[in-house]
Structures are given as C-alpha cells and as structure tokens.
Number of protein chains: 2
Amino acid sequence: MHRPLILVTNDDGITAPGIRNLVEFMNEIGDVTVVAPNSPQSGKGHAITINSTLTFEEINLDGPQRDFSLSGTPVDCVKFALDKILPRRPDLVVSGINHGANSSINVIYSGTMSAAVEAGVEGLPAIGFSLLDFSWDADFTQAKDHIQSIVKKVLENPMPKGIVLNVNIPKLEKEQIKGIRVCKQADAKWEESFDQRVNPHGKTYFWLSGYFNNMDTSPDADEVALADGYISVVPVKFDLTAHEYMNELSEVLKF
Amino acid sequence: MHRPLILVTNDDGITAPGIRNLVEFMNEIGDVTVVAPNSPQSGKGHAITINSTLTFEEINLDGPQRDFSLSGTPVDCVKFALDKILPRRPDLVVSGINHGANSSINVIYSGTMSAAVEAGVEGLPAIGFSLLDFSWDADFTQAKDHIQSIVKKVLENPMPKGIVLNVNIPKLEKEQIKGIRVCKQADAKWEESFDQRVNPHGKTYFWLSGYFNNMDTSPDADEVALADGYISVVPVKFDLTAHEYMNELSEVLKF
C-alpha cells in the first residue's frame, strides 16, 4: 500500500496537546497535513462560517507534517483543507484527540466529531478521538497503540459510505485499559442549570452549566463500556432519517 | 385539551419575518413564548456557548406572546428557555420559519433544526420549519394552513421519544402546493469552493461558497418531494449510531 495521506484536525485549537499527540501517532503511519482552528472551538457542533470571512497561515511546529492554522470552526477546517490545501483527497481524516469526552449525545455538540462527520459527508473515512480528561496536561500516550491499531484497521477495511467512527478513551493507565468495545450511543443528556451572576455594571449574565445524566445501562452503551475500562467505538451516521417511523408518520399526517 | 404552551425559536434572529409569521400562526393554537437569538445564527449547527456568557432581555413586539431575546445560539435558546424562562415544560417547540431550505444534509448545519433536535433531546415534541426562499421579504403565508395542520396533528399524536420533524416548504403560491409528503433525508452535499479575495491591507481571505449537489432521485427523498411541489416532512433522530454496522465493525476491529 502507498503511504496514506492523513488530514488531522480538532476543536481545541492547533496547539492543543491532544492534537499534537495525535499528529505524532499519525506521522508513524502516513504523510500528515494538519488543518486546525487557530482558537478553541469546543461545543461548536457542526457550525460553519458563512457570515464572516476566513484566513489561514502555515505555521512551523515540530515534526515532518505540515501545519495550517485556520480562523474557523472544525467543519470549516475540513472543507478548507479539501478545497484549498491538500494536493489530493486524503486517505483518512482524524480529529482530536479531544480534551474531554464526546460519548453519548455529546457527539452532536462536539466540534471534534462534527469534523469527522463532515469528512464522512465528503465520502472520506474518518475517526474522531476523545480522551475522558479535560485537563490541558492530560496524558494522551496511554492509548497510542490502540489509536494506531484502529487507524490501521480502518485504512485496511474501508467503512461503508455514510459512516464515521466516534472513539472515546477512558482516563486510565495503559495497563488498566481492557480493550476496545464497539458500542451504541448511550441514551443520556445534560441537565442544564444556568449559573446566574451580576457584572460590575449591574447587568445579569449567565454561564451555561449543568451535569451529565446517563440513563442507559445497556452493556453495549458507550458510557457503560467506558465505565468498565474499555475504549468505546461507535459507528456514527449522518443520515438522520428515522426510517422506521416514516410509515406511521404518514398515517399521523393524513388529513 | 388544555391550551398548549408553545416555545418558538429560530436561527435568523428574533426580528426575522420568518419567526414573526410562525408566532402569528402559533398564537391561534396556543400560548406562545418566544426565546430566540438577538442576532443571525445561520449555519451554527448544534453549537452551544460554553466559553463566553449569555445575556437576555424581554422585548415588546406585536401580539399576545412574550418575546425574549438571547445573546446565544438556537440551541442555547432552547436550553435557556427550559431552565430560566418557561413556567413549565412546553407542549411543543417549533423553530423557524427559516429563510432558506434545510432539506437533505443541511439538517446538520442548520441552527433551525438543531434547536428542534435539542428540544427532542429534552424529550419534547419539536418541529423545524423552513421555506425555500432566502429573501428577507419572502412570503411565509402560503403554507400557513399546512403548518397549523402539522402542528395540531403533532399535538394530538405525540411522536415517539427521540424523533423530531424537519419540515421544508417549496417556494410556491398557495394553490400550487400539492400537499405533504413524508420523506427521507436526500443523499446530497455541498460542493465547496472557497472564494479567495485580498483585503485593503494586502491580506488574503476567503468566503465559504459552493453549490448544492443532489445525487438522490428516490421518490421519497425530500429534495424530490420539494421539486415536485410538495411540503417535505422528514422524521429526524439524534441517535446517530449506525446500528446496522455494529457487528461488522466488531469484526473489523478484532485484533
């Protein structure tokens, strides 16, 4: 096989330790080009930049890869890389490693996963990686072997059109990780509680806050796999149609 | 049945003609509270505001409804309305009417639909409405009867947990609309081409641009229904798991 061309992006910004580790891991597998946001983009979901403009620059960071910093969202980065930067379609797009979980319903809020989904929409194999540790100095090396194995398997076994992978890694020592489990998205949600404050000028403002509530105890739910010490891998699709409800809905909407 | 409590939001901003029309239509059906962005939020997808703060104010607009303007995304509006504004859980959340289509893959970029999906995550019935006309002075009245019918049907026939509706309305005169068709999300995508320019200071910048490419000619694809003169209704789910691929993926990832 020829040396694969791998596009790397993320949502924590191009200098985040998570993406720098992922770049190192990918440099051992293929030719890497990084196109990533020039600022943190957490929680940006599938946002694109349509009412303002984009700029980019090539920056010099350690390693054989090329690094391009873009003033946009993770999804912008994928679109821009394909249209303006890469010499040909990449063999794989990887996003991450995110500082923090993107399991369960968080897939829809996640810039990391939205970049992977955008690559999937473009017909490319794509994987998003997230570590269950929000800290900037998290240890991303413990899952290196697993990440490289998953990447190689995906390069060797192309996924069906319309499917990308959502990989979450528990915050554990290398020896404590029990393995990989293919999972479904757990049925869970955030319970919001906005934190209300008053600024020095007397105006009330709010911070989005809350806690994550997992209601799903199925053995194949990603939250359960992670709690059990496994790396969770969820095949994610972007045909959002609830095909199974179409017939019933036709009855409901009959006049 | 008691008079339903209806939350209305959108992504074009609280003063957009699309949402003002939707508010008028909903005032005839229930008690309406509007919580919508104070500025245009098109293309924001499922973005949430976590790295900055939110402010809101009640504003006075024509009609019996209450209107609250929030400095956030459409998804923020749904979360904020539920936690801070509404006296009880609403019976329905409607989003739109969007100025422009949200059919096919656009469901994932759309702030309008992301607000509806967020309501679905919260366990509420929700519908996003979009008109295939980008202009500010588009005519939103031609589909009033259909919009009100769909809303009443959904209030009378609760949808299963985890499903919301994506309704797109063709740009046609009232008499030309042939009816409603339940559809799947068409297999289509944007072909990007960034428009490159130079600013007065000599720096290169880009506008995201491109054209929409529908590759799906199935009679039940939403793009086809719209082209045929029908209102398309796609049941949308937010369990993104490709359940049908889980077994095969387990084989692929076996080491």
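Residues numbered from 1 in each chain as written. Chains lettered and ligands numbered in written order. Predicted model: local features only at pLDDT ≥ 70, side-chain atom pairs only at ≥ 80, totals over all residues. Heavy atoms only, no water.

(A) Quick peek at the sheet that holds strand E6 (residues 126–131) of chain B. Residues and elements named next belong to chain B. A sheet is described by the order of its strands in space; here nine strands give the open sequence E3-E4-E2-E1-E5-E6-E7-E13-E8, paired in mixed fashion. Since the sheet does not close on itself, it has two edges, and those belong to strand E3 (56–59) and strand E8 (179–182), each with one partner. Taken pair by pair, the neighbouring strands of this sheet meet at an average axis angle of 25°, ignoring direction. Here strand E2 (residues 31–37) pairs with strand E4 (residues 66–70) via five bridges, running parallel. The residue bridging proline 37 from the neighbouring strand is leucine 70, located in E4. Docked against the sheet, helix H2 (residues 74–85) engages strand E1 (5–9), E2, E3 and E4, running at close to 130° with respect to E2. (Pairing = 2+ DSSP bridges. Helix = DSSP H or I, 4+ residues; strand = E, 2+ residues; numbered from the N terminus. Axes fitted to C-alpha atoms, helices over the stretch in contact; angles between N-to-C directions. Contact = heavy atoms within 4.5 Å.)

(B) Expanded view of the side chain of threonine 73 of chain A. Residues and elements named next belong to chain A. In this fold, threonine 73 is placed in the loop between strand E4 (66–70) and helix H2 (74–85). Given a relative accessible area of 6%, threonine 73 falls into the buried group. At a separation of 2.7 Å, a polar atom in the side chain of threonine 73 contacts the main-chain carbonyl oxygen of alanine 47. Setting aside residues no more than four positions away along its own chain, threonine 73 makes contact with Pro37, Gln41, Ala47, Ile48 and Thr49. (Buried < 20%, exposed > 50% of the residue type's maximum accessible area, 1.4 Å probe, protein only. Polar contact = N/O pair within 3.5 Å; in protein donor to acceptor, adjacent residues only side chain to side chain.)

(C) Representation of the nonpolar core in the model. Membership of the largest hydrophobic core comes to 74 residues, with the highest contact counts inside it found for Ile108 and Val236 of chain A together with Ile108 and Val236 of chain B. For isoleucine 108 of chain A, the residues in contact, after removing those within four places along its chain, are Gly45 of chain A together with His46, Val117, Val121 and Leu240 of chain B. (Core = buried A, V, L, I, M, F, W, Y, C linked by side-chain atoms within 4.5 Å.)

(D) Representation of the pairing of strand E10 (residues 195–198) of chain A. All names here are of chain A. Note: E10 against strand E11 (residues 204–207), four bridges, orientation antiparallel. Across the sheet, the residue bridging to aspartate 195 is tryptophan 207, located in E11. Counting the residues that bridge the hairpin from E10 to E11 gives five residues, and of these glycine 202 lies at a positive phi of roughly 90°.

(E) Spatial organisation of the UniProt feature "binding site: a divalent metal cation" (unreviewed entry) in chain A. Residues and elements named next belong to chain A. Mapped onto this numbering, the UniProt entry annotates "binding site: a divalent metal cation" (unreviewed entry) at Asp11, Asp12, Ser42 and Asn98. Spatially, the listed residues are clustered: although they cover 88 residues, their C-alpha atoms lie within 9.1 Å of one another. Look at serine 42 and you get partly exposed, because its relative accessible area is 22%. Here asparagine 98 is to be found in strand E5 (residues 92–99). Taking relative accessible area as the criterion, asparagine 98 reaches 6% and is therefore assigned buried. Apart from residues no more than four positions distant in its own chain, asparagine 98 is found in contact with Asp11, Asp12, Thr112, Phe129, Ser130, Leu131 and Phe140. Reaching out from asparagine 98, the side chain makes a polar contact with the backbone oxygen of glycine 100 at a distance of 2.8 Å. (UniProt positions renumbered as here; feature names shortened; annotations may be inferred.)

(F) Highlighting the relation of the copies chain B and chain A. Of the two same-sequence chains, chain B is brought onto chain A (RMSD 0.0 Å, axial shift 0.0 Å) by a rotation of 180°. Such values leave the two copies arranged in the relation of a two-fold axis. Both copies contact each other with a shared surface, as 100% of the interface residues of chain B are interface residues in chain A too. (Least-squares fit on C-alpha atoms with pLDDT ≥ 70 in both.)

(G) Up close: the interface of chain B and chain A. On the side of chain A, 78 residues touch chain B, which itself brings 78 residues to the contact. When chain B packs against chain A, the two sides together hide about 7,100 Å² of surface, and 68% of this comes from carbon and sulfur. In terms of surface lost to chain A, no three residues of chain B exceed Phe194, Phe206 and Leu240 of chain B, which account for 10% of the buried area on that side. One can count eight salt bridges joining chain B with chain A. In this structure, the salt-bridge partner of lysine 79 of chain B is glutamate 192 of chain A, at a minimum N-O distance of 2.2 Å. (Buried area = accessible area lost by both parts, 1.4 Å probe. Salt bridge = Lys/Arg side-chain N within 4 Å of Asp/Glu carboxyl O.)

(H) Local environment of the pattern of salt bridges. All names here are of chain A. Applying the stated criterion to the full structure yields 34 salt bridges over all chains. With a shortest N-O distance of 3.2 Å, arginine 88 and aspartate 91 are connected by a salt bridge. With a relative accessible area of 38%, arginine 88 lands in the partly exposed category. Between lysine 171 and aspartate 133 there is a salt bridge, with its nearest N and O atoms 3.9 Å apart. Here aspartate 133 lies in the loop between strand E6 (126–131) and helix H4 (144–156) and lysine 171 lies in the loop between strand E7 (163–169) and strand E8 (179–182), a separation of 38 residues in the sequence.

(I) Seen up close, empty space enclosed by the protein. Residues and elements named next belong to chain B. In total, this model carries one cavity of 30 Å³ or more according to the counting rule given. Counting residues per element, the lining of the largest cavity draws most heavily on helix H3 (residues 111–121), which supplies three residues. Here the lining of the largest cavity is composed, by residue class, of 11 nonpolar, four polar and two charged. (1 Å grid on protein atoms, 1.4 Å probe; cavity = no way out; pocket = protein on both sides within 12 Å on 5 of 7 lines; lining within 4 Å. Points joined across faces, edges and corners; volume = space filled by probe spheres on them. Nonpolar A, V, L, I, M, F, W, Y, C, P; charged D, E, K, R; others polar.)

(J) Helix H1 (residues 17–27) of chain A, seen in detail. The buried fraction of H1 of chain A is high, at 10 of 11 residues. Looking at the packing, one finds that the buried side of H1 of chain A touches strand E1 (5–9), strand E2 (31–37), E4, E5, E6 and H4 of chain A.

(K) View of the packing of H1 of chain A against H4 of chain A. Residues and elements named next belong to chain A. Contact pair H1 / H4: the axes reach a minimum separation of 10 Å and the direction vectors enclose 55°. When the axes of H1 and H4 are compared, the pair comes out oblique. Both H1 and H4 take part in a crossing whose hand is right-handed. For the pair formed by H1 and H4, the contact residues are Leu22, Phe25 and Met26 on the first element and Lys144, Ile147, Gln148 and Val151 on the second. (Parallel < 35°, antiparallel > 145°, perpendicular 65-115°, else oblique. Left-handed = near helix turned anticlockwise from the far one by under 90°.)

(L) Quick peek at the environment of valine 233 of chain B. Within the element layout of this structure, valine 233 of chain B appears in strand E13 (residues 230–237). Setting aside residues up to four positions removed in sequence, valine 233 of chain B forms contacts with Leu249 and Leu253 of chain A together with Ile150, Leu165, Asn166, Val167, Ile180, Arg181, Val182 and Cys183 of chain B.

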